[in-house]
Amino acid sequence: MLEELYQKVVAKDPAQPEFHQAVKEVLESIEVVLDRHPEYRKAKIAERIVEPERVIMFRVPWVDDQGEVHVNRGFRIEMNSAIGPYKGGLRFHPSVNLGILKFLAFEQVFKNALTTIPMGGGKGGSDFNPKGKSDIEVMRFTQSFMSELFRHIGPSTDVPAGDIGVGGREIGFLFGQYKKLRNEWGGVLTGKGLSYGGSLIRPEATGYGAVYFGEEMLKTRGETYDGKVCLVSGSGNVAQYATEKINELGGKVVTLSDSSGCIYDPEGIDTDKLSFVMNLKNVRRGRIKEYAEKYPSAVYTAIDPTLDYNPLWNYKADCAFPSATQNEINAKDAQNLINNGVYLVSEGANMPTVPDGVEIFLQHKILYGPGKAANAGGVATSGLEMAQNAMFSSWSREEVDTKLHNIMISIHRQAFEAAEKYGDPGNYVLGANAAGFVKVAEAMMAQGVV
Ligand code: NDP
C-alpha cells in the first residue's frame, strides 16, 4: 500500500475515518497499477487524487413551523473534474459531516469514471434531518440551502442529485429555487420530476443497476436469479427498486429495514407488498415496522444497540443487496452471511461493508460487487438525464433501461477484465478501483498539473 501517502491523509484530517477507509481501499488496489505506470507516480496522480479540488461549507439558516430559527451546515465537495463536471448526490441526514461527504465524493470519482459517461466526482449535503419535518419546513430548508449552493453549481460545472434524505420532493424544491435565483432553466440537478426535465428510469436506476450487476456476476458461474433468496437492507429508493427488479428476474426478497429495525418475510416481498412499502415510505413516511403489522407472515426485529451484529444479515439466503448506508455490514455480519449460504453480495449502498468484512468476502471468493461498481447505475442514468436535457429531448422507458442495462454490463466487464489484468481474477474491488483510477489518471496526465 502507499503507506506514506495514506499516513499523510490521516495526519492532515485525523477526524475523518470514513474518508481514510475509502482512501485506504483505493490505495491498496492501485499500487500494482502505479508499478506498471511509473509516469503516474512521477506526476503525483495519487497525491492529487486524494485532495479535493474544492470544498465549500456554508451556513443554512431556516425557520420551522413554530417560528423558531434553526442553523444547519451545508457542504459541497468538488473532488475531481478531470473527466467531466462534478457529479454526485446531496445527502440530508443528521450524521452528515465533512469526512463522510469526502468519502462519498472520493468514491464517486472512480464510480463515475466506470460509467464511461464524462462526469467528474462530487458530493454534498447537510446535517439537516428531514424526518418528522413538514413539507413546508423541508421547502424552507432546501430553499435556504440552495440560496448559497446556486453560485457554485451549473450544468457544465457541478450537477448534484439525490442521496439519503434527498428524493423527488427535495430535488423539486432545490430546482425551483435554483431557477428562481439564476433566472434560467438548466439541467443543473438530476433526479428531477418527469414534468420538468427528469428522465424515465432515474428513480429505479440505482436499485435496478445493482441487480443487473449481480446478474452479470452470476453469469460468470452460468447462473441466474431464478429461485434465489435475497436479503435487501434499507427501504428507501435503492432498496425499493432493487426489490422490484429481483422480483422481475425470478428471485425472492425476504428482508427490508430502516434505521429502527428490520422485517423478515419468508414468503417473499411480492409486487403487492412492495407497493405497500413504497406508499409507506414515499408517501406516508412511516416506519418499516408497519409491514409486520400488516402482513402476518413477517416478523419485525427492532435494532438492538447491544448486539454486535445485524440480525438482517443472519437469515438463510443466496444473495445480499445492502442498500441502506455505509458500514452496515461488519466483520461478524460478513461471516454470518457466508455461514448462511450467501455467495453473492451486490452493494446498492456506498461502502456498506467494513474492510474486515470485505476481506472475508474476498477470502471466500464469493461474487462480491463493491458499491462503486454495483451502484453506478444511478449516476449513469443521471448522466443520461443530463444528455436528454442538453438535447431538449427525452427517451422512452425502454430506451433508458436498455442504456442502463448496457452500462452495467460494461462496468462489470471493465472491473472483471481489470481484475484479471492486475493479477487477481474475480476480485471486483481491485478491478473497479484499477479501471476507474486509470481512466481518471489518463485524463489528469493529459491536462497537466492543475
Ligand atoms: P433513502 O433515504 O431513500 O433510503 C435510505 C434507507 O436506509 C432508509 O430505509 C433509511 O432508514 C436507511 N438508513 C439510512 N441511514 C441509516 C442508518 N444510519 N442506519 C440504518 N438504516 C439507515 O436513500 P437511498 O436509497 O437513496 O440511499 C441508500 C444508499 O444507497 C446510500 O448509501 C446511498 O449513498 C447509496 N446510493 C444511492 C444512490 C441513489 O441514486 N439514490 C446512488 C448510489 C448510491 P430511515 O427510513 O429510518 O431513514
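Here the structure is a predicted model, which is why all the values come from computation and not from measurement. (Residues numbered from 1 in each chain as written. Predicted model: local features only at pLDDT ≥ 70, side-chain atom pairs only at ≥ 80, totals over all residues.)

**Considering the overall build of the chain**
A count of helical and extended segments in the chain gives 17 helices and twelve strands. In terms of overall dimensions, the chain has a C-alpha envelope of 60 × 60 × 45 Å along the principal axes. Out of the 450 residues belonging to the chain, those deemed buried represent 54%. Long-range contacts, defined here as pairs at least 24 residues apart, represent 74% of the contacts in the chain between residues at least 6 apart. (Helix = DSSP H or I, 4+ residues; strand = E, 2+ residues; numbered from the N terminus. Buried ≥ 20, exposed ≤ 12 C-beta atoms within 10 Å, placed from the backbone. Contact = placed C-beta atoms within 7 Å.)

**Remarks on the site of the ligand**
Near the ligand there are 23 residues, and of these Gly-236, Asp-258, Ser-259, Ala-349 and Gly-378 occur at the shortest range. Looking at which element gives the most residues to the shell around the ligand, the answer is helix α9 (residues 237-248), with three residues. Counting contributing residues per domain, the shell around the ligand is built from domain 1 (51-184) and domain 2 (205-374), each supplying no fewer than three. (Near = placed C-beta within 6 Å. Domains from an automatic or database assignment.)

**Notes on the domain arrangement of the chain**
Split by domain assignment, the chain resolves into domain 1 (51-184) and domain 2 (205-374). Its C-alpha centre places domain 1 at a distance of 27 Å from the equivalent point of domain 2. With eight residues of domain 1 in contact, the opposing surface of domain 2 contributes seven residues. Of the residues contributing to the side of domain 1 that touches domain 2, the split by class is five nonpolar, one polar and two charged. (Nonpolar A, V, L, I, M, F, W, Y, C, P; charged D, E, K, R; others polar.)

**Side note on the sheet that holds strand β5 (residues 158-161)**
The mixed open sheet is built from five strands, whose spatial order is β1-β2-β4-β3-β5. Each of the sheet's edge strands pairs with one partner strand only, and the pair in question is β1 (54-63) and β5. On average, each strand axis in the sheet is inclined to that of its neighbour by 20°, with strand direction left out of account. In this structure, strand β3 (residues 86-92) lies alongside strand β4 (residues 121-126), joined through three bridges in parallel fashion. The residue bridging Arg-91 from the neighbouring strand is Gly-125, located in β4. Along the sheet, helix α6 (residues 135-149) makes contact with β1, β2 (69-80) and β4, crossing β1 at roughly 145°. (Pairing = 2+ DSSP bridges. Axes fitted to C-alpha atoms, helices over the stretch in contact; angles between N-to-C directions.)

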